[in-house]
Amino acid sequence: MYRLLTAKRAVAVQKALRAPLTAHPTTTTTLYCGCGGFAPQNFVHYQQYYQMLYRQMPARATTTTATTAVRTQTTTPTQTDALAQAKKKRLRKPRYAKYVELLEVTEQAINERRSRVKRLKSKKLADFIQKTQQQILDRRAREERKDKKTKGGVELSQRQPVEYQKFDLDTLDASMLESGTYDDRPMLFFGKDKYTKQVIANPEEVQNILKSFHNFREIIESMGNEQLDSDFGLSIPKILADEHEVPDPFEAIEPYINPLDKSKPSFTAVATPSSSAVTAKSKKRFKSKVHVNEEQERLAKQRALHINLNTYLNVCVSANMLNRALSTIIAYRGRVRKSSLPHLSEGLITIDLYNILMQGYAGKGSFERCQEILKLVEEDGLSCNEQTYAAIFECLGRLEADEQNQQTISEYIAQADKEGFSLNQIMDRSKFVADQRDIALDAIRRLQPEFTPVYAPPQLGYNNELLNHLNEHVMPVGEIENTSTENPDYAIMNSKRGYTKEQLEQLGREQLKVELEGCITIKSIEKSKEFSNAEKCRERLKELEHSWRKQISTAIVRDLNTLRAQVRFKPHGYMNYYTYLKTLDTSHFVEILIKELYKLADGSETFSPTVGQLYKELGQKVQQRYQIEQKKQNGTLEKIGEIYSSYCDLWDSGRTQDNSRQAWQRLVHDQRESGPSMDLQEVPWPSNVLTGVGRFLYNILMRDIKIDAHLMRSKSKTKAVQPQNLLPAFYTLFRNQGRLVKEEVKPHPVLSRLFRASRQQTLTFDSNLVPMLCPPQPWSTPHNGGYLLNKSELIRLPHQAIQQWERIHTSNPQNLYPALDSLNQLASVPWRVNTQLLDVMVEVFQNGGDAKLDVPQPPSSLPPLPSLPPKDAEGNSASNADRAKQFRDKLGHRRKQAEMYSLWCDALYRLSLAQHYRDKVFWLPHNMDFRGRVYPVPPHLNHLGSDLARSMLIFDQAQPLGVDGFSWLKLHCINLTGLKKRDSVRERLLYAEDIMPEILDSADNPLTGRMWWSKSDEPWQTLACCMEIANVHRCPDPAAYLSRFPIHQDGSCNGLQHYAALGRDKAGACSVNLAPSAIPQDVYSAVATLVERSRKTDAQNGLHVAEALAGFVRRKVIKQTVMTTVYGVTRYGARLQIARQLKDIDDFPKDWVWPASTYLTTKTFESLREMFTSTREIQDWFTECARLISGVCSQNVEWVTPLGLPVVQPYNRQEMKHTARTGLKVTANMSMDMYERPNILKQKNAFPPNFIHSLDSSHMMLTSLHCERQGITFVSVHDCFWTHANTVPELNRSCREQFVALHSQPILEQLSDFMRQTYSFKDNDFTNDGSVEDLSKRQLNRTLKQLPQKGDFDLRNVLDSVYFFS
């Protein structure tokens, strides 16, 4: 039998019986192996096999003297030392021993054992190993105690087990035993001599033993590998990929016996396993569902650690904890230097991290510390940059200006010049906050008094073929504009006129006040009954809030002191949450928790935030407050105020040819001489930090917020003081969310009752979720724009999507200008609420809503489910089927309640905000998704969304209707009804005249008249248009009527329009109105006609489902499916869409809904393929390219839009991992898409619709920029463009011209070239062995070149198409 023993039995091993030693000068030390004779060869074989079991270990210095070849017999002092060492080791954290019994194991037994062990949970296995170890040690202790009693005088060697008595363990390296470096080195003992010889002579049996050991070792190691923060990519990888060939496995491993003996052992010829077989077994295959290989996993960990270090050091500097920041970077620097492979971690410690520390110490005037950091920079082989020298000059500028100081400044100026950095470069390219720029300049002027830095002017123009012609309006920075009074180029400011500088500055001050407070509280429009005890409940709530504030404040101080005590006695070489929490005052935490408390207590019964969501939300609130406090401290707030005042001056005068970005860039450049930099990039906190900070506050919320359970009880007449029963105000429960069970936070029922009874008639919104009271800050860089102080994200991306940001940072800044300028143009449009319509909406909402008018009803309006009777008429109880049906009905009822409450809350928020802003002008800052589609940042009050949302807002700027404006208004009204989709413009206008009485009645009596407007496809927008038409109709001069009403021009199935233009598909282009026609071509009706024709054929052949659909194949039934087919809708999704429409038809038999929806889905897809052949070919090419890129290359699909925006699809495979809830240490674990495996299914299904979305956003942006240049008000809802009635013709012309210009570019050819350059394999990447991998690579190269065939449609026809956008 063979047994692997670990260091836990070291004491027992050292007590083993020593046999007489025999040293041989030419061979290794030998020993008796208990088989009756002297067996030096067998022991040599044992050494070989032992060494073959282990991978290469780093050499350790021995403490044994060179003159000592072997240790003598064991003496009492040696045993005492060993026992003392063992006692010291007991103080260490116990390690679990690893045991395995290696009997004669067959291949089948190995596989069975491996599968059984893999099914064990890691904790159970660890407990099993620990228990087994303890049992062995206890048994050994009992035997030793028994031996002491019965054989006290017996020789020590005779007390050991028989196996140990046969070996002289003094031949082992004593330094190894005494230093405790044998922990993971089991020893292999041979038993009987006969069996030992059999094993040595049989290589196959040795292979079985080795294979069994490696299999079990892999299982054990894989289960113990889940330690957080174990390596961040700094330690040696498990396996080095054949960096150097090991000639002999025995020489590669450090000698185990007598390492000081330099003579080589003489090995007896014996059949041994080959080295390749051993190394192959020792290699552990890389297994990960997330990362492609071990290198990617290491890079991901290193990148995550670098991000965390960058954030942590910035926070340390802002919290004035410079020494902690320095010790942290030194600790991680040490880990890199101690690593055996430091070149693999060279990207972790960069000059940017040192610059953060340099700036911190420079602010203190600590030049000695700065010099120490410079020494570290030099030792690490890093090069200083402009920011480094700026920090040096700032530090020297804060010191007294003596001769030594001037000499030092002179030396560093010379050093910077020697490294190629002029003083102009240093001042121009560095980022400054507060007074850093002025201090650095003062230091330089001590030697060069006349020095004035020359700052490089910003690039203002475009670098895009589609927009370069607009650069003729851009004047160079510093050049004085022509101030002629009749300059048509000033038209770009037309849509911004109407506001004085004083008005705008006052609005700016109000907006800053809102953002500094962090939230806005408004009155709710909810109409509810007042409880009799409402006033008392409000008083109790105020008292509770007062006590809660005290409790929270005390708890914050208590827990921060606890964290500080823990941090004080921990080494500084790691990141902790205490530093992040020290960035704000206790009062800020109190405000954050009180607001969150009110939000949770006023929540619904059907929805509660999960614990994870609450962590992140609280962490984000802390980060937002920290960022605003930083802007207040570093001078950014004052600088923004100065620049914004000049910006308001431009709006007032309107005498500029610049767009918003260009004007802002000029103003920033003009004020660069002093003060902080305005292009500072805010360092966002990583998601793991947000979670950790949020967990700290969550614990206080759950543990310290109490409520009296007797609070709602009325006091007795005797006024006896009732004892308080304080209970936690919040608790958690577990709720099923799909396939997952998540922990949610709920308020105590007493707290909920208190809030309901007090009837809080207000709603509170974060300041970054509501419209702005002044024009937004223009986007001038990817990180600066939107709200004045609040951080606005340019691109809506999940937290793990960093690859697109990498592409944006590495691209030319000019490539982003088209997207930024389009966002600025949309954000510069001033809005107001349509108060006439709002009053009608509020009345309907307060009267319980109306499902037919799309005004949500409260959940209380849902009728309750009938309960099952306990027994029927015959006395029988309800059957199991009835109970199951009732259970399903209950689930559906709850789901319907939750859906109704969500919609009702959305309407409540929207209408309440509209009521709050009803007499105010406001602006909507915009951002975009990763494809370039734009959205307003405020989610509740905007012009996107449902019919109710779109109808609520009108332009603030009024313009006269002009000659044709009234006609456009009436045409717009008929378009909204959906009644004349197939009629010409002339017929629609005639129809509008015919129904003018209905329009006027709708406007005058919206809820009490004939309500013609309620039968429209878009009822609320139709009613708003009716009201505007009535006002114009009664105006004596309609052409002079000042209208604020937006007129819509909607694309005709815009996705198919782009596909038809890409493929020059003539038939497809005609069906989606790219070609001129007398009447509009309705693709939805055309598809419905094809489907109906096929249905009739099937019905004649006796197909029952086709017969059931007779008369129900309507345009509305298949419209959504046709529209979303080009956007990648699946057959399952299309079936749900059609089923939803069939359910809404009252006459359709409900039993046929599902079979009919399946049938119609198939027929709709077949009809589309028949109509749009070129579209299907392009879509299939997109899908195949994405499948091969994500599958063969294991990369995300990326491309560049025609306007230069880099796009990366952020779909990756992510593992659901539960991170350890450490209260102190920051775990630098982050998921990042650029290092992870792509989700192939999502990548290939999403690429066609995402690429088309990026094209329609490019078309919108081109139209936006050209309309702005012409002075036309322009607003977009994706492929629906809005403008004033008098400028609709100009909008239509620009829209068509830009569509033709966009598709005149070789879009598919450019995409193919980009993908070939990015993803194609080179000739040396092929193995030419006919393998699947090799064939897949060749297929990828071939597919990226195979462009779909194009038709012969002439794009210039679009210019004459009336119904292209209408």
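Thresholds applied
Going along each chain's sequence as written, the residues are numbered from 1 onward. Note on the predicted model: pLDDT of at least 70 is required for a residue's local features to be given, and 80 or more for side-chain atom pairs to be given and counted; whole-chain, interface and lining totals, by contrast, use all residues. Here the side-chain values reflect all heavy atoms present in the structure, with hydrogen atoms and water set aside. Strands are runs of DSSP state E lasting at least two residues, helices are runs of H or I lasting at least four, and both sets are numbered from the N terminus onward. Classification of residues uses two cut-offs on accessible area relative to the type maximum, computed with a 1.4 Å probe and protein chains only: under 20% is buried, over 50% is exposed, and between them is partly exposed. Under the pairing criterion, centres of Phe, Tyr and Trp rings, with the six-membered ring standing for Trp, must be within 6.5 Å; the plane angle then separates stacked pairs below 30 degrees from edge-to-face pairs above 60, leaving the rest tilted. Only when the NZ atom of a Lys or the CZ atom of an Arg is both within 6 Å of the ring centre and within 35 degrees of the ring normal do we say a charge sits over the ring. Here, strands pair whenever DSSP counts at least two bridges between them. By definition, residues are in contact when any of their heavy atoms lie within 4.5 Å. Axis definition: a line fit to C-alpha positions, over the contact stretch in the case of helices; interaxial angles, taken between N-to-C directions, run 0 to 180 degrees. For every residue, the predictor states its confidence as a pLDDT score lying anywhere from 0 to 100. In this text, buried Ala, Val, Leu, Ile, Met, Phe, Trp, Tyr and Cys residues form a nonpolar core when linked through side-chain atoms within 4.5 Å. Nitrogen and oxygen atoms within 3.5 Å of one another constitute a polar contact, given that in protein one can donate a hydrogen and the other can accept it, and given that sequence-neighbouring residues count only through two side-chain atoms. Roughly parallel covers angles under 35 degrees, roughly antiparallel covers those over 145, roughly perpendicular covers 65 to 115, and oblique covers all other angles. The nonpolar class holds Ala, Val, Leu, Ile, Met, Phe, Trp, Tyr, Cys and Pro. Asp, Glu, Lys and Arg form the charged class, and all remaining residues, Gly among them, are polar. Just to be clear on terms, a salt bridge is a Lys or Arg side-chain nitrogen sitting within 4 Å of an Asp or Glu carboxyl oxygen. The span one expects for a helix is its residue count, reduced by one, times 1.5 Å.

Attention now moves to the overall build of the chain. When its secondary structure is counted, the chain shows 49 helices and 24 strands. Each of the 1366 residues in the chain was classed as buried or not, and the buried ones make up 51%.

This part covers the packing of aromatic side chains. Each aromatic ring pair is summarised here by two numbers: the centre-to-centre distance and the angle between the ring planes. Under the defined criterion, the tally for this structure stands at 32 aromatic pairs. By the ring-pair criterion, three or more aromatic residues cluster together here, those being Y499, Y644, Y647, W651, W664 and W923. Sitting over the face of the ring of Y615, R695 holds its NZ or CZ atom 5.1 Å from the ring centroid. Stacked on the ring of F966, the Lys or Arg K970 has its end atom at 4.5 Å from the ring centre.

This part takes up the sheet that holds strand 17 (residues 953-955). Here we have three strands laid out as an open sheet, ordered 14-13-17, and antiparallel in their pairing. Whereas interior strands pair on both sides, the edge strands pair on one side only; in this sheet they are strand 14 (922-923) and strand 17. Bridge count for strand 13 (residues 830-833) against strand 17 is three bridges, and the pairing is antiparallel. Of the residues in strand 17, the one forming a bridge with V833 is L953.

Of the two faces of strand 9 (residues 762-766), only the one carrying L763 and F765 is buried; T762, T764 and D766 on the other face are not. Across five bridges, the pairing between strand 4 (residues 519-523) and strand 9 is antiparallel. From the neighbouring strand, C519 faces strand 9, where its bridge partner is D766.

Relative to the assigned elements, T1124 resides in helix 42 (residues 1115-1125). The class of T1124 is buried, set by a relative accessible area of 18%. The contact partners of T1124, leaving out residues within four places of it in the chain, are V1129 and Q1137.

Another point: the sheet that holds strand 12 (residues 795-796). Spatially, the three strands line up as an open sheet ordered 12-15-16, and their pairing is mixed. Each end of this open sheet is capped by a strand with a single partner; those strands are strand 12 and strand 16 (934-936). When strand 15 (residues 926-929) meets strand 16, the two strands line up antiparallel, connected through three bridges. Across the sheet, N927 pairs through a bridge with Y935, a residue of strand 16. Along the sheet, helix 30 (residues 817-827) makes contact with strand 15 and strand 16, crossing strand 15 at roughly 135 degrees.

This part takes up the confidence of the model for the chain. Within the chain, residue pLDDT values average 81, and 78% of them lie at 70 or more. For the chain, helix 10 (residues 249-252) is the element with the lowest average pLDDT, namely 30, and strand 21 (residues 1198-1200) is the one with the highest, namely 97. Across residues 169-188, confidence stays below pLDDT 50; counting only partners more than four residues off in sequence or on other chains, it has 66 contacts. Considering only residues more than four positions removed or in separate chains, one finds that residues 218-283, a stretch of pLDDT under 50, has 122 contacts.

A few words now on the nonpolar core. Among the nonpolar cores identified, the biggest contains 108 residues, and I349, Y389, F393, W685, L697 and F730 are the most heavily contacted of them. Considering every element that reaches this core, the biggest residue donor is helix 21 (residues 534-568), with 10 residues. Excluding anything up to four places from it in sequence, W685 contacts T311, V315, Y580, T583, V622, Q623, Y626, L690 and V693. Counting residues in hydrophobic clusters, the runner-up holds 104 residues, among them A1075, I1138, Y1211 and I1272.

Mapped onto the fold, D1256 is located in helix 46 (residues 1240-1270). Only 3.4 Å separates the side chain of D1256 from the side chain of H1253, close enough to count as a polar contact. Those residues within four positions of D1256 in sequence are excluded, and the remaining contacts are R933, N1054, H1058 and Y1127.

This brings us to the packing of helix 24 (residues 611-633) against helix 27 (residues 687-704). Each pair of packed helices can be summarised by the angle the axes make with each other and by the distance between the axes. As a packed pair, helix 24 and helix 27 sit with axes 7 Å apart at the nearest point and diverge in direction by 105 degrees. Considering the angle they form, helix 24 stands roughly perpendicular to helix 27. Facing V611, L614, Y615, L618, G619, Q620, V622 and Q623 of helix 24, the residues of helix 27 in contact are L690, T691, V693, G694, R695, L697, Y698 and L701. Its residues placed into classes, the contact of helix 24 with helix 27 shows 10 nonpolar, five polar and one charged.

Time to look at unusual backbone geometry. Even without a glycine there, the phi angle at H1278 is positive, about 60 degrees. On the secondary structure map, H1278 appears in the loop between strand 23 (1275-1277) and strand 24 (1280-1283). When its relative accessible area of 18% is taken as the criterion, H1278 is described as buried. The backbone of N1328 shows a phi angle near 55 degrees, a positive value even though the residue is not glycine. Mapped onto the elements of the fold, N1328 is located in the loop between helix 48 (1307-1319) and helix 49 (1332-1345). Overall, N1328 belongs to the exposed group, its relative accessible area being 59%.

Glancing now at the pattern of salt bridges. Under the definition given, this model contains 51 salt bridges. The partner of D1098 in a salt bridge is K1163, with the nearest N and O atoms 3.2 Å apart. Taken as a pair, D1098 in helix 40 (residues 1083-1100) and K1163 in helix 44 (residues 1153-1171) lie far apart in primary sequence, 65 residues in all. Of the residues examined, K1163 reaches a relative accessible area of 14% and is grouped as buried.

Another aspect to go through is the pairing of strand 15. Pairing analysis gives two bridges linking strand 12 to strand 15, with the strands arranged parallel. For R796, the partnering residue across the bridge sits in strand 15 and is D929. The antiparallel hairpin formed by strand 15 and strand 16 contains four residues in its connecting segment, where G932 sits at a positive phi of about 105 degrees.

For helix 27, spanning 18 residues, the distance from its first C-alpha to its last is 26 Å, which sits close to the expected 26 Å at 1.5 Å a residue. The element helix 27 is largely enclosed, with a buried count of 15 among its 18 residues.

Further remarks concern helix 38 (residues 1054-1063). In terms of burial, helix 38 is largely enclosed, as 10 of its 10 residues are buried. Within helix 38, burial applies to N1054, G1055, L1056, Q1057, H1058, Y1059, A1060, A1061, L1062 and G1063. Where helix 38 ends, the next residue or the one after it, R1064, has phi of about 50 degrees, a positive value.

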